[in-house]
Amino acid sequence: MKLKLTFIVFIVFVLQSKAQNDKYQINGSARSYLFANQLNIENSLDSITPKKSNYGHNLLDLGISVFPTKESEVIGIFRLRNELGGFWGGGVVFDVRQLTFNGVAAKVVKYSIGDIDLQMTKYTLFNNDEEGALNEADVFSLRRDVMHYDYFYKNNSWRMQGAKIEFNLLPSTNLEKIKFKGFITRQRSTDEQGRPERLFGGGNVKFIKSKNLFINLNTANLFDLKKTSLIDSSYLFNNVTSSDFNYVIKSDSSFKFNLSGEGGFSINKYENFDDLGSPISMNDWFYDISTTLNFTKKKLEFTIGFKDIGKDFSSPGAQTKRINFSKSSNIYQQFTNDYIGRTLTLSDIINGNSNNSVKISPELMAYNVVYNNTNPYGDATPNRRGIYFSFKDLDTGKVKGSHLDFRLLQESTGSGTLRKKVFILSQLGTRISLNEFFQLKKEFVFNLGYQNEITLRSGEDFEKIYLNSNFIDVGLSYELVNHFSLVAGHKLWKANGNEFQEVRDPYNSINDFENLSIDFTENITAFGVKYDFGNQNALTIQYQNFKIKDGGSNGVDYGISDLIILFNLKF
Amino acid sequence: MKINPIYILCFVFFSFISCRKEDSNSFDGPSLNDLNGPFNIISSLNLDEEVDFESGEEINFDVELSKNTLWEIEITGQTSGAIRTFSGTERIINSTNTAWLGGSNTFPSFQQEKAIVKMSFPNEENSPIIIDSVNIIGLKQDKGYVITDFENGTDENWSFFNQSGVNASINCNSDLSAKGSCFYKWEGTVSWDWAIGSFQINANEDGFGLPANAGNLFFNMATKFISNTGPDNCFILLWFDEDDNGDGSFNLETEDRYIYEYWYENDKWNLASIKYDDLKYDGDGQPVETNGNGLLEPSKLIGINVFFLANKDSGIKSEALVDHIIFTENEAYKP
């Protein structure tokens with residue numbers, strides 16, 4: 001193994017040193033990721049499942065950027081992956097991870113074709129962060145970053161296949177500039193049996209009046225292409241149209257006051273669906289408006305806003321979840337003597353053992369009410385109305401990245417009853433440089449994140465809800481010698497109460513409620529060492545112990561302990 | 001005039017807010033009260049002592065429940081054994097979902113008798129069963145063209161055929177009839193032929209007075225097989241003879257005879273019903289060939305032959321009943 005890694009690193013460095021010139025560049029990443037884990041569960045509950053497993057892989061992503069002309073670029077990333085236990089080609093997978101053509105046409109229109117990253121607003125196209133990270137410690141984020149890298153989850157954008165263009169206009173009117181962006185991507189191919197091809201396209205036009213004011217017009221459309229399948233194929237059309245703006249009302253050297261917001265609507269149409277319960281169309285709309293006070297000198301930013309998202313607002317581009325909570329984890333998928341599916345946990349998500357989204361989903365995906373009940377689909381979560389405010393950038397030098405967020409939302413329309421659920425979400429986080437407090441030369445960092453989420457509904461016994469969920473995310477990182485650190489972290493999720501979770505049909509209409517009784521505790525403790533090569537390149541050896549105590553109706557108490565070796569190198 | 005952009009933004013924002021539909025009287029998804037709420041009867045059943053359907057009266061089962069849940073009402077004729085059921089899931093039960101006009105689900109029909117009403121709630125544990133009764137003093141009036149209900153005997157225009165050893169006649173026994181008191185019965189053992197017996201109802205010189213449109217006209221007859229029964233053992237063969245040339249008689253060589261076979265379904269009274277227009281197809285769905293003009297013309301119908309056939313090899317007595325032959329428009333007969 002050591003020999004193999006050394007060889008890969010050597011090849012990469014040789015290629016890098018020789019291969020950077022005007023015509024092409026080579027870059028990429030190499031990784032070795034090994035797990036040795038043990039399922040900890042009482043024998044009376046599970047005497048069937050093998051309790052220990054080892055798995056892992058080595059991989060090399062080799063990226064080649066070729067510049068045929070000054071105004072064009074071809075990017076190809078090729079992945080060579082070898083599963084642990086593969087030998088001389090056994091278990092080796094060779095993939096094309098990315099193929100993109102970039103360029104500028106006529107020195108005006110910038111274009112990309114192939115694998116492209118797309119992001120618009122939080123209500124049109126946005127890849128919301130997954131649950132379970134709040135000022136997360138290095139010991140966890142090192143592994144989470146691997147998952148993000150593999151699925152191209154960066155800057156809340158979605159990786160898609162298609163084409164996009166951008167160009168600017170400099171009008172002679174009062175406007176400073178008009179920016180155009182457009183894209184079209186393929187989400188699904190036809191099966192030629194009644195399931196048509198599905199595309200996702202849209203764009204925006206940004207009117208920039210000055211540096212203090214801009215207005216965007218956005219559109220995102222998920223639609224089936226007629227005539228790509230049988231004549232009577234089903235046909236879905238979803239359109240989200242919105243406008244967002246930012247207006248700096250007052251700004252000087254110590255103070256900045258601005259107003260921003262977004263409003264829009266969605267239109268859903270369904271044709272020729274076999275299910276007689278399919279609606280013909282569902283339309284709704286939303287707005288979100290906020291004002292921000294930024295005390296520039298004091299490095300304090302305060303935001304307060306109000307939002308109202310209709311119950312039928314449907315924006316697949318912004319509501320698709322990264323994690324598919326309806327699928328079991330990839331390890332110990334079924335366990336216990338009754339072969340039940342193991343519910344996805346935070347540990348599975350961090351270790352990349354969850355089923356993750358790579359396509360836009362027109363259906364609202366399953367979620368875990370313990371992890372996120374206020375905004376399971378991000379800011380675009382339908383049927384939410386209320387206020388929110390946040391403080392951030394309380395940066396004193398020793399304390400960094402501090403923030404306090406508070407949301408008080410309720411349903412726009414009651415679900416199952418006229419009484420509406422109320423959601424109170426409080427989050428705070430900080431990163432404290434303890435070395436500055438204790439005047440140490442080596443970096444000593446403490447991370448803290450805390451979240452409390454309360455869901456309430458009053459009324460009769462059959463409709464009452466009280467769910468209290470608390471999440472603590474703490475971590476330490478201490479640099480023993482140059483680049484070599486001790487890392488540790490702990491995550492605790494504790495929830496008690498009850499909830500009536502919506503069960504939706506494929507058209508996102510609620511057709512039932514699952515009566516949940518929740519008494520849940522999840523603990524993850526991890527510690528280890530990290531050697532930092534710089535630029536997010538690290539070798540880490542960690543031990544993690546994870547335990548779940550689930551007193552819910554189908555709950556099982558169990559745990560998993562892992563020994564993890566991760567070597568990650570980007571070049 | 002220079003307009004501050006903030007005014008435009010405020011205008012757009014408040015336009016949005018003012019357009020938001022405030023639907024405080026509805027909720028999303030199924031009712032939690034219906035799914036999980038307690039069940040009780042807010043307003044119970046209260047029936048009149050008697051009902052005269054003949055004069056147009058109807059019975060409404062006015063009940064109010066605490067939630068939408070499955071309810072079932074079963075009305076049983078104490079003498080006839082006729083059954084009429086209603087079911088639904090509405091919280092309010094009234095004339096919109098349970099108007100009883102005197103009919104039954106199938107034959108036999110209700111008579112002038114006492115009817116027992118039972119109301120239950122199958123999905124609610126420990127829920128009460130409501131029982132009440134009502135006296136039927138007038139029967140519902142049929143809408144259609146009654147060919148015969150056998151209540152007034154046979155007509156001189158009828159003709160009969162019966163195999164040797166077969167007894168066939170009109171019987172009047174209120175406990176056994178499908179409707180009214182009388183029915184027609186064949187009974188006998190025929191070991192040499194499937195044919196048991198038949199009767200031919202011939203129209204008088206004015207015909208049966210049926211409308212001309214075969215597309216919405218239904219033939220209906222109550223049928224009950226009693227002995228030598230089974231899916232492939234017995235059936236009723238019906239001939240519909242049309243006087244295509246209008247000479248007042250039927251000639252098989254030159255005029256249309258349409259045939260319909262009604263095979264055994266079960267040992268109970270059943271409604272044998274077919275849309276007249278469907279007589280142009282045989283049992284396999286193939287178009288039939290006739291010797292006349294090939295047009296389905298119910299207004300020219302002058303003869304209906306009802307023929308009972310049963311398996312000759314079974315070695316047992318064959319027995320069958322028929323009752324209440326009626327044509328209806330737009331839909332099959334509702335007993």
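Residues numbered from 1 in each chain as written. Chains lettered and ligands numbered in written order. Predicted model: local features only at pLDDT ≥ 70, side-chain atom pairs only at ≥ 80, totals over all residues. Heavy atoms only, no water.

**Looking at the overall build of chain B**
Broken down by element type, chain B carries two helices and 21 strands. At 28 Å, chain B has a C-alpha radius of gyration far larger than the 20 Å of a compact globule built from 335 residues. With respect to the principal axes defined by its C-alpha atoms, chain B has extents near 100 × 60 × 40 Å. Surface exposure of chain B reaches about 16,800 Å², of which carbon and sulfur atoms provide 45%. Considering chain B, the positive charge centre built from 21 side chains and the negative charge centre built from 53 side chains are found 10 Å apart. (Helix = DSSP H or I, 4+ residues; strand = E, 2+ residues; numbered from the N terminus. Rg over C-alpha atoms; globule rule 2.2 N^0.38 Å. Areas by Shrake-Rupley, 256 points an atom, 1.4 Å probe, with all protein chains shown as cover. Lys, Arg positive; Asp, Glu negative; His and termini not counted. Charge placed at Lys NZ, Arg CZ, Asp CG, Glu CD.)

**Focus: the packing of aromatic side chains**
All names here are of chain B. Applying the stated rule across the entire model yields 55 aromatic pairs over all chains. Ring plane angle 35° and centroid distance 6.0 Å describe the contact between phenylalanine 150 and tyrosine 184, whose orientation is recorded as tilted. Taken as a pair, phenylalanine 150 in the loop between strand E11 (145-148) and strand E12 (159-162) and tyrosine 184 in strand E14 (residues 182-188) lie far apart in primary sequence, 34 residues in all. The buried category is assigned to phenylalanine 150, whose relative accessible area is 0%. (Phe/Tyr/Trp six-rings, centres within 6.5 Å; stacked < 30°, edge-to-face > 60°. Buried < 20%, exposed > 50% of the residue type's maximum accessible area, 1.4 Å probe, protein only.)

**A few points about the sheet that holds E12(B)**
All names here are of chain B. Taking strand neighbours across the sheet as the criterion, the five strands line up as E12-E15-E20-E17-E18 in an open arrangement whose pairing is antiparallel. Two strands bound the open sheet, and with one partner strand each, they are E12 and strand E18 (257-263). Across the sheet, the mean angle from the axis of one strand to that of its neighbour is 15°, orientation sign disregarded. As paired elements, strand E15 (residues 195-202) and strand E20 (residues 301-310) share seven bridges and run antiparallel to each other. The residue of E20 that forms the bridge with phenylalanine 199 is valine 306. (Pairing = 2+ DSSP bridges. Axes fitted to C-alpha atoms, helices over the stretch in contact; angles between N-to-C directions.)

**Regarding the sheet that holds strand E9 (residues 114-120) of chain B**
Residues and elements named next belong to chain B. With respect to topology, five strands assemble into an open sheet ordered E2-E10-E9-E5-E6, the strand pairing being mixed. Every interior strand has two partners, whereas the edge strands, strand E2 (50-52) and strand E6 (83-88), have only one. Averaged over all neighbouring strand pairs, the angle between strand axes comes to 25°, with direction disregarded. In terms of strand pairing, strand E5 (residues 71-77) meets E6 through six bridges, oriented antiparallel. Its bridge partner being in E6, isoleucine 73 is matched across the sheet by phenylalanine 86.

**Remarks on the pairing of strand E8 (residues 197-210) of chain A**
It is a general feature of regular strands that their side chains alternate between the two faces of the sheet. Residue and element names in this part refer to chain A. Counting buried residues in E8 gives 10 out of 14 residues, a clear majority hidden from the surface. In terms of strand pairing, strand E7 (residues 177-188) meets E8 through 11 bridges, oriented antiparallel. Considered in E8, the bridge of lysine 179 is made with lysine 206. In the sheet, E8 pairs with strand E9 (residues 213-225) via 13 bridges, with the strands oriented antiparallel. Across the sheet, residue asparagine 204 finds its bridge partner in E9, namely asparagine 218. Where E8 folds back on E9, the antiparallel hairpin that results is connected by two residues.

**With respect to a nonpolar patch on the surface**
Residues and elements named next belong to chain A. Together, Phe527, Tyr531, Phe533, Leu539, Ile541, Tyr543, Leu563 and Ile565 make up a nonpolar patch on the protein surface, roughly 670 Å² of accessible area in all. The topology assignment puts isoleucine 565 in strand E24 (residues 558-570). Looking at isoleucine 565, the relative accessible area reads 32%, which means it is partly exposed. (Patch = residues over 30% accessible without salt bridge, like charges linked within 9 Å, V, L, I, M, F, W, Y side chains within 5 Å. Salt bridge = Lys/Arg side-chain N within 4 Å of Asp/Glu carboxyl O.)

**Topic: the confidence of the model for chain B**
Taken residue by residue, chain B gives an average pLDDT of 90. The fraction at 70 or more is 93%. Across the interfaces of the predicted complex, the ipTM metric reaches 0.83, alongside a pTM of 0.80. (pLDDT = per-residue confidence, 0-100.)

**Here we look at the state of the cysteines**
Residue and element names in this part refer to chain B. Tallied over the full model, the rule gives one disulfide over all chains. Here cysteine 172 connects covalently by a disulfide to cysteine 182, the sulfurs 1.9 Å from one another. Here the disulfide of cysteine 172 and cysteine 182 is right-handed, its torsion about the S-S bond being about 100°. Remark: cysteine 182 occurs in strand E14 and cysteine 172 occurs in strand E13 (residues 167-172); sequence separation between them is 10 residues. Looking at cysteine 172, the relative accessible area reads 54%, which means it is exposed. (Disulfide = S-S within 2.5 Å.)

**Thoughts on unusual backbone geometry**
Here the bond from Phe107(B) into Pro108(B) is cis, since omega is 5°, no more than 30 degrees from zero. Mapped onto the secondary structure, Pro108(B) falls in the loop between strand E8 (99-100) and E9. The phi angle at His483(A) is positive, at roughly 70°, despite the residue not being glycine. Its identity is not glycine, yet Asn508(A) carries a phi of approximately 70°, on the positive side. Here Asn508(A) shows up in the loop between strand E21 (484-504) and strand E22 (510-534).

**As for the pattern of salt bridges**
All names here are of chain A. Under the definition given, this model contains 46 salt bridges over all chains. For lysine 226, the salt bridge is made with glutamate 271, and the minimal N-O distance between the two is 3.3 Å. Pair noted here: lysine 226 is in the loop between E9 and strand E10 (235-251) and glutamate 271 is in strand E11 (residues 256-271), with a separation of 45 residues, a long-range link. When its relative accessible area of 49% is taken as the criterion, lysine 226 is described as partly exposed. Its relative accessible area of 32% is what places glutamate 271 among the partly exposed residues. Between arginine 407 and aspartate 379 there is a salt bridge, with its nearest N and O atoms 3.5 Å apart. Taken together, the residues span a long stretch of sequence, with arginine 407 in strand E17 (residues 399-410) and aspartate 379 in the loop between helix H4 (346-350) and strand E16 (384-392) at a distance of 28 residues. Judged on exposure class, the residue arginine 407 and its partner aspartate 379 are both buried.

**Quick look at the environment of Phe484(A)**
Residues and elements named next belong to chain A. Relative to the assigned elements, phenylalanine 484 resides in strand E21. Among the residues examined, phenylalanine 484 registers a relative accessible area of 28% and is labelled partly exposed. Between the C-alpha atoms of phenylalanine 484 and phenylalanine 437, which are 47 residues apart in sequence, the distance is 21 Å.

**Quick word on helix H2 (residues 138-150) of chain A**
Residues and elements named next belong to chain A. Between its terminal C-alpha atoms H2 stretches 18 Å, which fits the 18 Å expected from 13 residues at 1.5 Å a residue. With respect to burial, H2 is a largely interior element, 10 of its 13 residues being buried. Three or more residues of H2 are buried, namely Val139, Phe140, Ser141, Leu142, Arg143, Arg144, Val146, Met147, His148 and Asp150. Two residues or fewer after H2 comes phenylalanine 152, characterised by a positive phi angle close to 60°. (Expected span 1.5 Å × (residues − 1).)

**Focus: the side chain of Thr521(A)**
All names here are of chain A. With respect to the element layout, threonine 521 can be found in strand E22. Side-chain polar atoms of threonine 521 contact the side chain of lysine 494, separated by 3.3 Å. In this structure threonine 521 touches Leu492, Trp493, Lys494, Lys547, Ile548 and Lys549, once residues within four positions along its chain are discounted. (Polar contact = N/O pair within 3.5 Å; in protein donor to acceptor, adjacent residues only side chain to side chain. Contact = heavy atoms within 4.5 Å.)

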